[in-house]
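Each chain, written out:
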Amino acid sequence: MDKTNTENEHIAALVQHLLAIDSEASMESALRSLLTPSEFTEVTKRLQIFRMLEQGIPQRQIAETLSVGIATVTRGSRALKGE
């Protein structure tokens, strides 16, 4: 089995694990178990970046509001555009 197939299987297992979670509290618990506290915080900020970009908030304002670098916001913008 090559690395790509193994990686895809791991991704599929993660997705199935998360899809099986049936409550908000259980999802938060699962995410906190899977991620370090720092990773959890970063994921929540990335979601907020997406939401703020979708609302048309300027990138510099997002960076300042969330205390993240402008490059992080730009990366989020590119991800939303499918780049």
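Refer to the preceding data block for the structure.
Read on for an overview of the structure. (Residues numbered from 1 in each chain as written. Predicted model: local features only at pLDDT ≥ 70, side-chain atom pairs only at ≥ 80, totals over all residues. Heavy atoms only, no water.)

1. Remarks on the packing of helix α1 (residues 3–19) against helix α2 (residues 24–34)
Axis angle and axis distance: for two packed helices, these are the angle between their axes and the distance between the axes, and together they describe the pair. Running from amino to carboxyl end, α1 crosses α2 at an angle of 150 degrees, the nearest separation of the two axes being 10 Å. Between α1, through L14, H17 and L18, and α2, the contact on the second element is made entirely by M27, A30, L31 and L34. A per-class count over the contact of α1 with α2 returns six nonpolar, one polar and no charged. (Axes fitted to C-alpha atoms, helices over the stretch in contact; angles between N-to-C directions. Helix = DSSP H or I, 4+ residues; strand = E, 2+ residues; numbered from the N terminus. Contact = heavy atoms within 4.5 Å. Nonpolar A, V, L, I, M, F, W, Y, C, P; charged D, E, K, R; others polar.)

2. Some words on the pattern of salt bridges
One pass over the structure, following the stated rule, counts one salt bridge. Between E28 and R32 there is a salt bridge, with the nearest N and O atoms lying 2.8 Å from each other. On the criterion of helical spacing, the pair formed by E28 and R32 is a turn pair, its members being four residues apart in helix α2. In this structure E28 comes out as partly exposed when scored by relative accessible area, which is 40%. With a relative accessible area of 48%, R32 lands in the partly exposed category. (Salt bridge = Lys/Arg side-chain N within 4 Å of Asp/Glu carboxyl O. Buried < 20%, exposed > 50% of the residue type's maximum accessible area, 1.4 Å probe, protein only.)

3. What to know about unusual backbone geometry
Of note, S67 is a non-glycine position whose phi angle comes to about 55 degrees, a positive value. Mapped onto the secondary structure, S67 falls in the loop between α4 (59–66) and α5 (70–81).

4. Details of α5
The periodicity of an α-helix, 3.6 residues per turn, causes residues three or four positions apart to be oriented the same way. With twelve residues, α5 should cover 16 Å at 1.5 Å per step; its first-to-last C-alpha distance of 17 Å lies within 8% of that length. Where α5 is buried, its residues touch α3 (37–54) and α4. Directly beyond the C-terminal end of α5, a positive phi value near 80 degrees is found at G82. (Expected span 1.5 Å × (residues − 1).)

5. Re the nonpolar core
Grouped together as the largest cluster of nonpolar side chains are eight residues: I49, M52, L53, I62, A63, L66, V68 and V73. Every element with two or more residues in this core is listed here: α3 and α4. Not counting the four nearest positions on each side in its chain, L53 is found in contact with Q59, I62, V73, G76, S77 and L80. (Core = buried A, V, L, I, M, F, W, Y, C linked by side-chain atoms within 4.5 Å.)

6. Quick look at the packing of α3 against α4
One way to put it is that α3 packs onto α4 with a least axis distance of 10 Å and a crossing angle of 145 degrees. Note on packing geometry: the crossing formed by α3 with α4 is right-handed. Counted together, K45, Q48, I49, M52 and L53 of α3 and Q59, I62, T65 and L66 of α4 form the full contact between these two elements. Grouping the constituent residues of the contact of α3 with α4 by class yields five nonpolar, three polar and one charged. (Left-handed = near helix turned anticlockwise from the far one by under 90°.)

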